[in-house]
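Given next are the chains, with one letter for each unit.
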Amino acid sequence: MSFHHPVNVEYLLASRVHRYQGRPGQPEVVIDEGSDRLEIVAYKGVRDDRYFGKAAHADALVTLMAVEALEMVAAELDVQMCSPLAARRNVMLRGAPILELIGRQFALDCRPSGGDLVTLDGRRKAAPCGWMDEILGPGAQPLLRGRGGLRCVPTRSGALTLGLAILHSEFELDRTMAGLKATRKLG
C-alpha cells in the first residue's frame, strides 16, 4: 500500500456481553473498561468479543470509529463528552477519516507501539443506535448518522495496541476530515 498515514489508537474494546439494558429514559448502562491490546483474528473478529466468529456478523467483525466524531457531536450538543468506550466500537482512532475506507482494503500497523500489522476490509457504515441519545445526550443519534463508524472484516490476524499507528492505504487520506461525514459517494 503506497500511502502511510500516522494515526493514534486511543481506545480498544472487546465487549463480552451487551451492556445497554432497560428502556430509554431509564437506562441500565455498564461501560466496559478498555484494553491496552486487542487480539484480532482474520475472518473471525475480536477475540473475547461477544460477536467473535458469529456468522450473523460476518461483514461486521471489527468496528472502527474516529474519536473526533464523538467530540464534534458533544460540542454540537454542548454537553460533556462521555467515555468514547460508550460508543461500543472496538477501535477508536484519532486522525483517520475512516468512512473514506468503506469498500476498500487497508492496514492498521501498530508495530510502532508494540502491536502488529492487521489488514482490514472496510465493508459498511456502522449506524449509531438510539442509546447514544441516552449516553451522550438527546439528539446524539441523528448527529452521529454518517459518522458512527466503519464495520470491517479482518483479513490478517494480529494485535492492535494503544498509541501511535500507521494506517496504510492505496490512496491519500485527509486527516482534517476525521470525524466528519464521508466525502465520497459510498456504494
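Each value, and the rule that gives it
- Residues numbered from 1 in each chain as written.
- Predicted model: local features only at pLDDT ≥ 70, side-chain atom pairs only at ≥ 80, totals over all residues.
- Heavy atoms only, no water.
- Helix = DSSP H or I, 4+ residues; strand = E, 2+ residues; numbered from the N terminus.
- Buried < 20%, exposed > 50% of the residue type's maximum accessible area, 1.4 Å probe, protein only.
- Contact = heavy atoms within 4.5 Å.
- Areas by Shrake-Rupley, 256 points an atom, 1.4 Å probe, with all protein chains shown as cover.
- Salt bridge = Lys/Arg side-chain N within 4 Å of Asp/Glu carboxyl O.
- Pairing = 2+ DSSP bridges.
- Axes fitted to C-alpha atoms, helices over the stretch in contact; angles between N-to-C directions.
- Phe/Tyr/Trp six-rings, centres within 6.5 Å; stacked < 30°, edge-to-face > 60°.
- Lys NZ or Arg CZ within 6 Å of the ring centre and 35° of its normal.

Draft legend 1. Representation of the overall build of the chain. Looking only at helices and strands, the chain has 3 helices and 12 strands in total. The proportion of buried residues among the 187 residues of the chain is 48%. Pairs at least 24 residues apart make up 79% of the contacts formed inside the chain by residues separated by at least 6 positions. Surface summary for the chain: the accessible area is close to 8800 Å², and the carbon and sulfur share equals 49%.

Draft legend 2. Spotlight on the pattern of salt bridges. Tallied over the entire structure, the rule returns 6 salt bridges. Glu-71 is the salt-bridge partner of Arg-94, the closest N and O atoms lying 2.5 Å from each other. Within this pair, whereas Arg-94 is found in strand S7 (residues 91-94), its partner Glu-71 is found in helix H1 (residues 67-77), the two being separated by 23 residues in sequence. You can call Glu-71 partly exposed: its relative accessible area is 32%. Here Arg-111 ties to Asp-109 by a salt bridge, and the two come within 2.8 Å at their closest N and O atoms. The structure contains a network of salt bridges with shared partners spanning Glu-10, Glu-71 and Arg-94.

Draft legend 3. Structural view of the sheet that holds strand S9 (residues 117-125). The 7 strands lie next to each other as S1-S7-S6-S10-S9-S8-S12, forming a closed barrel whose pairing is mixed. The mean angle between the axes of side-by-side strands here comes to 40°, regardless of whether they run parallel or antiparallel. Relative to strand S10 (residues 150-154), S9 is paired through 5 bridges, and the arrangement is antiparallel. Across the sheet, the residue bridging to Gly-122 is Cys-152, located in S10.

Draft legend 4. Quick peek at the packing of aromatic side chains. Under the definition given, this model contains 0 aromatic pairs. The residue whose ring lies beneath Arg-104 is Phe-171, and the NZ or CZ to ring-centre distance is 4.0 Å.

Draft legend 5. Representation of the pairing of S7 within the structure. Both strand S1 (residues 3-12) and S7 contribute to a ladder of 4 bridges, which runs antiparallel. From the neighbouring strand, Asn-8 faces S7, where its bridge partner is Arg-94. As paired strands, strand S6 (residues 62-66) and S7 are joined by 3 bridges and run parallel to one another. Bridging across to S7, Leu-64 finds its partner in Val-91.

Draft legend 6. Structural detail: the environment of Val-118. Along the chain, Val-118 falls in strand S9. Those residues in contact with Val-118 that sit more than four places away from it in its chain are Ile-40, Phe-106, Ala-107, Leu-108, Arg-156, Ser-157, Gly-158, Ala-159 and Leu-160.

Draft legend 7. Representation of the pairing of strand S12 (residues 163-169) in the model. Counting buried positions along S12 gives 6 out of 7 residues, so the element sits mostly inside the fold. Both S1 and S12 contribute to a ladder of 7 bridges, which runs antiparallel. Residue pairing for S12: Phe-3 is matched across the bridge by Ser-169. As defined by bridge partners, strand S8 (residues 105-109) adjoins S12 across 3 bridges and the pair is classed as antiparallel. Each residue of the ladder has a partner; that of Ala-107, found in S12, is His-168.

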